Amino acid sequence: MPVVSSAVYPNVSYSVAAGSVYGQAFTSQSLPAVGQFKETNTFSSQSTSVPHLLQQHVPVGYNTTLSTISSAQSVQDNLCRNLTGSVAKVNNQINAGGIDSSQPVHPVSQSVLFTKPGAGTSVSSAVISSVRTPAPSLSSQPRSSPSVTQSPELALQEAIDSSSTTSSASPVLNNYDALEGGGYPEARSVTSSPVPAPSVPQTSKASKPFGYGYPTLQPGYQNAAPPTPVQPSNSGHHPGFQHYPQQYPGVNQLSSSLGGLSLQHSQQPESLRPVNLTQDRNILPVSSVPAPVPNLNSDLRKLNCSPDSFRCTLTNIPQTQALLNKAKLPLGLLLHPFRDLTQLPVITSSTIVRCRSCRTYINPFVSFIDQRRWKCNLCYRVNDVPEEFMYNPLTRSYGEPHKRPEVQNSTVEFIASSDYMLRPPQPAVYLFVLDVSHNAVEAGYLTIVCQSLLENLDKLPGDSRTRIGFITFDSTVQFYNLQEGLSQPQMLIVSDIDDIFLPTPDSLLVNLHESKELIKDLLNALPNMFTNTRETHSALGPALQAAFKLMSPTGGRISVFQTQLPSLGAGLLHSREDPNQRSSTKVVQHLGPATDFYKKLALDCSGQQTAVDLFLLSSQYSDLASLACMSKYSAGCIYYYPSFHRSHNPAQAEKLQKDLKRYLTRKIGFEAVMRIRCTKGLSIHTFHGNFFVRSTDLLSLANVNPDAGFAVQMSIEESLTDTSLVCFQTALLYTSSKGERRIRVHTLCLPVVSSLADVYAGADVQAVVCLLANMAVDRSVSSSLSDARDALVNAVVDSLASYMSTASNLQQSMLIAPNSLKLFPLYILALLKQKAFRTGTSTRLDDRVYAMCQMKSQPLVHLMKMIHPNLYRIDKLIDESTIHVNDRVVPQPPLQKLSAEKLTREGAFLMDCGSIFYIWIGKNCDNNFIKDVLGYPNYASVPQKMTQLPEVDALSSERTRSFISWLRDSRPLSPVLQVIKDENPAKTDFFQHLIEDRTEAAFSYYEFLLNIQQQICK
């Protein structure tokens, strides 16, 4: 056993905000628990009738059907066998099993030399305040919006509304709802009378616009640093601004500039061209399917949000819910709000201009009535232009508010003032919880994790306050004292896992910079410390309870590495998988959690601004359906490495190493909230992703990362006949790793249409499929997998039947789709053959559950590669057209159909499945290609397990590696590469992705089309 020593460091002081709790030692009393703000206060578990003000703040959890639907049913409910389905009722209160706020003194083992001695010193545990979180409401029924009882937040709102726009008052705020700003205050009825029970539905006429009923926050107008110059994406144009004294048009008058918005009166667009699916077999484009461009004029189009960040399933919004129902297509948004951007206007200003009514941030789609007033594009309220906003920092001119960067860019980021904080910005805090049981040591993952941390320690996002800590566990829980000044790390063992406590609360999370040498010593020693362990048990639950206690005072990120089924203490699990049922075509069981322990823990963590990320490195069933809850409800991520072994499975080991590099160094946002606003008349009713719904429309994201995607379903509550444009805006308020409070805002503008043909013309088939995939996952868990599969098929049948019934001159014997939806049946068939939803093919339960988790949390661009991989022929790349990327020549081979008929024995093919690249080599492939690209003389000499391409000084090698590198660069996590030969066992996986071919358990693409046609003709 190595003796680890460290140098003694002097005390390092650093500047913190006045009164900041983060300059002090961390104790549970350092700061009020975020989860104890008003919206998450507990209420009596016996109460069946809850006042509406409290109901607004009931957390709703991971993908919940919310309460803002009017009596008009959403289009999803009108798909014959809709995907939302009935959801089991749950108790209205989760008793989170809070930890006692005062705990007795416990014995603790200490060891200086990393050995596990017997009982030793007595140390008192940390005092952790109990957090009890109300249960997520999973009701899918619409709920009314009755009048709201007076509250401190409302009183604050009324005061703000009566004050002038440029008031510099900074009210003290006590919840996140007030922090980001809510709804329509002037419409609110303030009364102290009791609120009627929410079970009585009200008519849609009485329902308030989306976002109604939440306290707002005035923008800060204090003096700040001079604005940072920002280069606008399009200077000079503003759709609603003209030089007065002329009349200034509002959003409603913008239709004249849209240039023939209704497609009925112009030449039929390409997206409406009828395609005979059963006859036209070559519908796949030669390159990736681009996002459809909304039918707006060129100026608005230039200003619109990138589809990589914000995408709608319909780029032409139906005027009414009835028209949406008739189209049989879902209406929703796909979001990638925190993605890495090469250009992002960052605005430092004491004035963040927002609508006084609905709290929308000023954006390119507002209209200026004159130089001093602007009209909100979401609720149409007229607002004053603050004096400071008259100055343009780009041109250094006065009197041109419409040329400000906020009004020239649909994606901007504001540096927020203290008005947008509930507490001083937290430091970056990282806690690693590592499985060290015999199973984990045998798998060999510890070496990779510790080595990755050592290599990237200086690249962890953060500042001088960054803190880090480590917990390991087997049948006991081990903590590590890394306090500056120690000669070497101390291991502290807690064996009482039924009453877990922190042996020394103040020295387990340490300043990264002050204790760096001790941290490095620990990381160097950890892989060898448990080499001879015989501990086979896993006390994951108690380790997570300890991690929650440790992180509660500040919040941050917990990274959990687990290799087996938890077998001891709280949260222990039993195997639920029957291997004989993996190929079942009937009921697939156990897609939901076996216990609510991990969900409750995640809700507690979310309340304390802590996210839990799970790395599952397992060679056997580990009940991911239960374990995944720790990440789903705390806004964490899930990484899964089936059959992981450092030496036996080098491809997975390499993937873990590359994934960790990205994971440890990527951007991160802490204590975030996200709100999505939309034009009056539209309503959001269901969210999908990893988060916690704090109130009706506010998502709590303890952490937010650039690889996370979200989806929302929408309905049309009120007719949109009075407007020709609708807008959606998402605002993400977060703390950067450097301790800055920031707000990233994306705004999307789309036209409104009144004809069914226009709705079909604007369908975004990839967005539609991704939203349906999210809905199908929910249906699988709440109902059954077979119901979800039926609903996906019915989505195609219903939409194409509706299109064919309205299109003229179509023979019913043909299966016709508009060009915009020609790939719809192909993508749905691909979804049915994906691991998440396939039947009749052997699929491990954890593999299926992980695929479902991916569906719920991946951005559209990555999710589509999972659903429908891209296939390229790569043995003739020298002859293909090329593009130039950073002095690199990148070939652009055409996409091939996912069918074995496209594979030739003389060729080599690359299949891009998102997280894995397959290179399939034909038996008669040219030896020159095999020698130059694979580095072997002939086909027979290529090894079975080949996961890397050598660097050979040949043009074909250079082109192939360049193409693969270009594909790799487009995604956050590095894919595994596998070279496949005919006799390779992995060829089964490769051929399962050829979704146009028939299998024993599933239709070919042509058979699927005939089945669709048969159902339409019934």
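Right, let's walk through the structure included here. (Residues numbered from 1 in each chain as written. Predicted model: local features only at pLDDT ≥ 70, side-chain atom pairs only at ≥ 80, totals over all residues. Heavy atoms only, no water.)

Let's talk about the overall build of the chain
Per the secondary structure count, the chain includes 25 helices and 39 strands. Looking at the chain as a whole, 62% of its 1018 residues qualify as buried. A separation threshold of at least 6 residues defines the contact pool for the chain, and within that pool the share at least 24 residues apart is 79%. When the accessible surface of the chain is split by element, carbon and sulfur atoms take 49% of a total near 36800 Å². (Helix = DSSP H or I, 4+ residues; strand = E, 2+ residues; numbered from the N terminus. Buried < 20%, exposed > 50% of the residue type's maximum accessible area, 1.4 Å probe, protein only. Contact = heavy atoms within 4.5 Å. Areas by Shrake-Rupley, 256 points an atom, 1.4 Å probe, with all protein chains shown as cover.)

Quick notes on the environment of S418
Here S418 is to be found in the loop between β16 (411–415) and β17 (429–435). The exposure class of S418 is partly exposed, given its relative accessible area of 48%. Distance from S418 to E740, taken between C-alpha atoms, is 10.0 Å for residues 322 residues apart in sequence.

Examining the sheet that holds strand β26 (residues 682–688)
Within a sheet, neighbouring strands are paired by backbone hydrogen bonds and run either parallel or antiparallel to one another. Here we have four strands laid out as an open sheet, ordered β7-β9-β29-β26, and antiparallel in their pairing. Each edge of the sheet is formed by a strand with only one pairing partner; in this case those strands are β7 (310–312) and β26. Across the sheet, the mean angle from the axis of one strand to that of its neighbour is 25°, orientation sign disregarded. Relative to strand β29 (residues 710–716), strand β9 (residues 332–335) is paired through four bridges, and the arrangement is antiparallel. Residue pairing in the sheet places L335 in a bridge with F710 of β29. Here helix α17 (residues 765–782) sits on the sheet in contact with β7, β9, β26 and β29, set at roughly 95° to β29. (Pairing = 2+ DSSP bridges. Axes fitted to C-alpha atoms, helices over the stretch in contact; angles between N-to-C directions.)

Focus: the sheet that holds strand β11 (residues 367–370)
Taking strand neighbours across the sheet as the criterion, the three strands line up as β11-β12-β13 in an open arrangement whose pairing is antiparallel. If you trace the sheet from one side to the other, it starts and ends with β11 and β13 (382–384), each paired once. For this sheet, the mean inter-axis angle between neighbouring strands, taken without regard to orientation, is 35°. Here strand β12 (residues 373–375) pairs with β13 via three bridges, running antiparallel. Bridge pairing in β13 links K375 to V382.

As for unusual backbone geometry
Although it is not a glycine, D623 sits at a positive phi angle of roughly 55°. The residue D623 is located in the loop between β23 (610–618) and α13 (624–627) in this model. Backbone geometry places D887, a non-glycine residue, at a positive phi of 65°. With respect to the element layout, D887 can be found in the loop between β34 (882–885) and β35 (888–891).

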